[in-house]
Amino acid sequence: MQGNEVGEKKKDWTDEERLELATKLGTELHEYLNSLKKKSYTEGWPEDRWQEEMEKHPFFMKKPPELGDELSPLMEGLQQLKYGEDENTPEELANNYKEDGNFNYKYKKYRLAILSYTTGIQTKCKDDNLMAQLYNNRAAAHFMLQNYRSCLNDCKLALKFKPQYPKALSRAITCSFYIKDYDQCIDLCDQFLDQSPTDKTILKLRSDSVIAKERLQRDKRKQERAKKKLDKENEKLLETIFRKGINLELTNDEQKLELRDLEPLVSQIAQRVHFDEKDKLVWPVMILYPETQQTDFIQNFHEDTLIIEQLIELFKEPPEWDVNHRYIVENINVYFEGENKCSIHKIDIQLTLDEILRDKQFIVRGGTPAFLILVKSSEAEKHFLANY
Amino acid sequence: MESLQEISEYLSPNTRLDVKVCALNHVLRILDKLFKMYTGVTATTDGRELLLKLPEMLIKLVTFVQDSCAAISKCAAQILVNITGDESGTNAMLIISESSYSTEINKSDLVTQEPNQNLIKVCLRAIMDKSSIIADLCCMILSNMTRPFHLIDRTITLIEQSGYSWDEILSVFTTKQYNTKGDKLHYLGPVFSNLTRSPRIRRYLMDRHRYVIQRILPFTEYSDSLIRRGGIVGTLKNCTFDTENHVWLLSPEVDLLSYLLLPLAGPEEFDDEDMSKLPINLQYLPETKIRETDPDIRLMLLEALNQFCATKVAREMLRKANTYLILRELHKWEKDKNCLLACENVVDILIKTEKEIGLDNLKEVEVPSAYTEMFHKMDKEFISNT
C-alpha cells in the first residue's frame, strides 16, 4: 500500500467520469466477446446431461456410489486419500471407517454403519482403544437392529480390547437380559458394580434378572415335576393293563405294550383308557350295530360296571334309527371279534367289563374295546354269524 | 530356639543369595519340626508359648510368609495358622501388625512387594493375588484372627487400613475360581461370619443403596464346601439381629427368607395352592432336593428365622410366605434335638395370631432371670430327653 502511494498519484474521480469509464469498459467487453469465434461448449457437462454429471461429482452426489458403479476420477482420488492403504496407516484407516460408521449410525443407517465398522475392524489396527470403540459401536448398531446376540458378541470383543469398558459392559448386560441369559447377566452386573457399586440402572437390572431367573427356574421345575408325574402315571397304566393280562393289538413287533397302543384311533373318542381316583381303569368303548351300520361310543366305561348295567343305560332312550324298538336289553346278543377278526364270541352280559377284557380271546384294538350288538335270532344275526 | 534366632540374622534381604538359601533351608527344617510339634497327636502348647515370647521370631515368620520360595512361605503361613489359633497368638500378631503402622501407611508397598510385618495386610495381599499359593492359608489366619470377639474392632481397623476395600475382598470371595492355583478361599466365609458380629460390618453388608448382602445369598446352597456355606449362613444369621432391617431383608430386594428356607426344604410335594404361596425359589422343588446336611448350619438357619419372629411385621411376612409348611415338613424329618427345639420355637410363634401375641417387638420383653433359668433348664431337658 505504501509503495503504491509513493509510485503513483491517486486520481480524484468524479461520478460522471466513473460512469463514463464503466460504459466504455462494458462496450469493449461486448465487442471482444462478439469478436470471438463461435464454438459450442465442449469441456464442461453437456447441457442435456448436466444433472447426471452433477450427480457424479462427489460434492453434489445425492447418494453414495454403490458397489460396481464406475467412479469419477475425482471420487476415486478422494477415496484413495481416505481409504487407500498406501496413503493411510491401519490406525488412520480404522479411524476413518469408524467415522463413516458413526455418520451412518447418526442417520440411523445401522446396516451401513455395521459394514463400516466391520471394515474398520478388518484393518486389525494396533490401537486397542480404537478396536474396542469399533466393536462397541458395531454392538450399538446391532442393538438398534435388535440383533442382541451379535450385539453381545461384539460387546465381549470390545471388552477384550478394553476391559471394564463401561458402555460395552452395560450394553452386554442389557443384551443378556433380553436374550434371557440371566446367569451371564448377573455375572456382568457384578463386574459392572465392582467399578460403580451404586449405579441404579444396573442394580435394577441385576435384581430383575435374579427375579426373572427364579421364575424361569421355577417354571422349569414345575414342568419337570408334571412330566415326571405323567410318566409315572403312564407307566402305572401300562403295568396295570399288562398285569391284568388284557390282550392288546400291538403296533410294534417286540410284543411290548406301549402308550400308543392305548391311543384311540377314532376321533369320536375324547380320552384314552385312564385311572379314576380309586386307581380303577376307565375305558372308552365302541358299540357296533352291524344290522344298521350304526355305531355308539361310550366315553367312560368303568371296568367294574356290569355290561348289562351299561346296556340298560344305553337303551333307556331307544335309538332313533330303531323304529320298531327291537333293540332292548332282553332282546339282544352281544359279541366281540377275536384275534385277526377270524372268530366271533358271544359274551355273558352279567359280567363286568374287566372280566370280559381278561378273556384270553378278547383283543383290544386301537385302545378301544369294541362290542357288536345284534337282535337275538334275527335274520341279521344269522347272516352275520355266517361270515365267521 | 537360640539357633533359630542366630539364623534369623542371616535372613535380611541383603544377605548373599547362597547364604540365604542355606540359612532358609535350615530354618525350614526347624520350622518343620515346630510345625509337627503343633500338629502332631501329642501337640503341646510349649512350643507355641516359646514362640510367643519371641516377637522377633514372629515378625520373622511374617517375613517368611512373603518369601519367594514357595515351601518357606507355605510353612510359615501354616505355623501362623496355628499361632493365631488361640487368643494370645492372635493378640500377639495384632500388636505386631499395628506397630507396623508407625512406619508406613500407604498402598505403595502393595505394589512393590516389600516385606511387610503387618500380617493382616500380608494375608490380604496373598488373598487378592490370583496366583498366590498361600491364599487359603491366609484366609485361615484371618478367620482365626477375627474370632476373638473383643479383638474384633482392632482387626477391622487393620483391614480397613490395609488399602483393600470391603468391596474388593467380597468380590474376590464371590468370584468363581478367583485363584488360579486352585486355592478356594472358602475360609473367607468364616471371616465374614466373624466380622458381622460387629455392627460396623453389618452396616456395610446391608447398605441399601448397593448390592452387597445379595451377592452372598446364593452360597446358602453351596454344596462344594461346608466351610463356605456355614460361613455364609452365619453371616446372614448375624444380619437378622438388626430388627430395623427386617422389612428390607424380607422384601423382594433381598428376599432373604427364600435363601434361609431353601436349605431347610426337602423334596415334598404340596398342592398347587400351598405351592403358590411359597417363595418362588421353593416352588416345585425336584424329587432329588436334599436338606442341609450339617445340623449346625440348620440350627443357624432356624435361629435366623427365630430372629425374624421378634417383630410383628416380619412375623406376618413369614406367615404369608408359608414358612410354616417348610418347617412342618422339616420337623417330620429332623433328628437333631437342637434343631427340633429351634424349629418348634419358630413354629410356636408363627402359629399364634398377632392378637394372641399382642406385642410388636418380642425383644422388648423383659424376662425375669428366674424364668430365664427355668427356660434354659427346660431347653436342656428337651435336648437330653425325648
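Residues numbered from 1 in each chain as written. Chains lettered and ligands numbered in written order. Predicted model: local features only at pLDDT ≥ 70, side-chain atom pairs only at ≥ 80, totals over all residues. Heavy atoms only, no water.

A. Geometry of the pattern of salt bridges. The full count for this structure, using the stated rule, is 39 salt bridges over all chains. One salt bridge connects D15(A) with R18(A), and the closest N-O pair in it is separated by 3.3 Å. Here R18(A) and D15(A) lie together in helix 2 (residues 15–35), a separation of 3 residues that amounts to about one turn. The class for D15(A) is exposed, based on a relative accessible area of 58%. The partly exposed category is assigned to R18(A), whose relative accessible area is 47%. Its salt-bridge partner being E269(B), residue R225(A) comes within 3.9 Å of it at the nearest N-O pair. Of this pair, R225(A) sits in helix 11 (residues 200–244) while E269(B) sits in the loop between helix 17 (256–261) and helix 18 (272–277), on two different chains. Residue classification places E269(B) among the exposed residues on the basis of a relative accessible area of 53%. Each of D190(A), D194(A), R206(A) and R215(B) takes part in a single network of salt bridges with overlapping partners. (Salt bridge = Lys/Arg side-chain N within 4 Å of Asp/Glu carboxyl O. Helix = DSSP H or I, 4+ residues; strand = E, 2+ residues; numbered from the N terminus. Buried < 20%, exposed > 50% of the residue type's maximum accessible area, 1.4 Å probe, protein only.)

B. Structural view of the pairing of strand 6 (residues 370–375) of chain A. All names here are of chain A. Where burial is concerned, most of strand 6 is hidden: 5 out of the 6 residues are buried. Taken together, the 3 bridges between strand 2 (residues 281–289) and strand 6 define a ladder with parallel strand orientation. Pairing of I287 across the sheet is with F371, part of strand 6. Across 4 bridges, the pairing between strand 4 (residues 332–337) and strand 6 is antiparallel. (Pairing = 2+ DSSP bridges.)

C. Examining a nonpolar patch on the surface more closely. Residue and element names in this part refer to chain A. The grouping of W45, W50, F59, F60, L74, L78 and L81 at the surface amounts to a nonpolar patch, some 730 Å² of accessible area in total. The biggest single contributor to the nonpolar patch is helix 4 (residues 73–83), with 3 residues. Within the element layout of this structure, L78 appears in helix 4. (Patch = residues over 30% accessible without salt bridge, like charges linked within 9 Å, V, L, I, M, F, W, Y side chains within 5 Å. Areas by Shrake-Rupley, 256 points an atom, 1.4 Å probe, with all protein chains shown as cover.)

D. Spotlight on the interface of chain B and chain A. With 22 residues of chain B in contact, the opposing surface of chain A contributes 19 residues. Interface of chain B and chain A: buried area, both sides summed, is about 1,900 Å²; carbon and sulfur atoms make up 47% of it. A per-residue breakdown of the area chain B buries against chain A is headed by Y211(B), I280(B) and Y284(B), which together make up 36% of the total. Connecting chain B to chain A are 4 salt bridges. Between D190(A) and R215(B) there is a salt bridge, with its nearest N and O atoms 3.6 Å apart. Those elements that provide at least two residues to the side of chain B that touches chain A are helix 11 (166–174) and helix 14 (213–216) of chain B. Considered class by class, the residues forming the side of chain B that touches chain A number 9 nonpolar, 5 polar and 8 charged. (Contact = heavy atoms within 4.5 Å. Buried area = accessible area lost by both parts, 1.4 Å probe. Nonpolar A, V, L, I, M, F, W, Y, C, P; charged D, E, K, R; others polar.)

E. Representation of the packing of aromatic side chains within the structure. Evaluated as defined, the whole model comprises 19 aromatic pairs over all chains. Taken together, a centroid distance of 5.7 Å and an interplanar angle of 50° make the contact between F362(A) and F371(A) tilted. Considered together, F362(A) and F371(A) belong to a single accessibility category, that of buried residues. When the ring of F384(A) is compared with that of Y388(A), the centres are 5.6 Å apart and the planes differ by 65°; the resulting orientation is edge-to-face. On the basis of relative accessible area, Y388(A) is assigned to the partly exposed category, the value being 32%. Ring-pair connections join several aromatic residues into one group, and the members of that group are Y289(A), F315(A), W321(A) and Y327(A). Taking NZ or CZ as reference, K162(A) lies 4.1 Å from the ring centre of Y165(A), over its face. Above the face of the F219(B) ring, R228(B) is positioned so that its terminal group lies 5.0 Å from the ring centre. (Phe/Tyr/Trp six-rings, centres within 6.5 Å; stacked < 30°, edge-to-face > 60°. Lys NZ or Arg CZ within 6 Å of the ring centre and 35° of its normal.)

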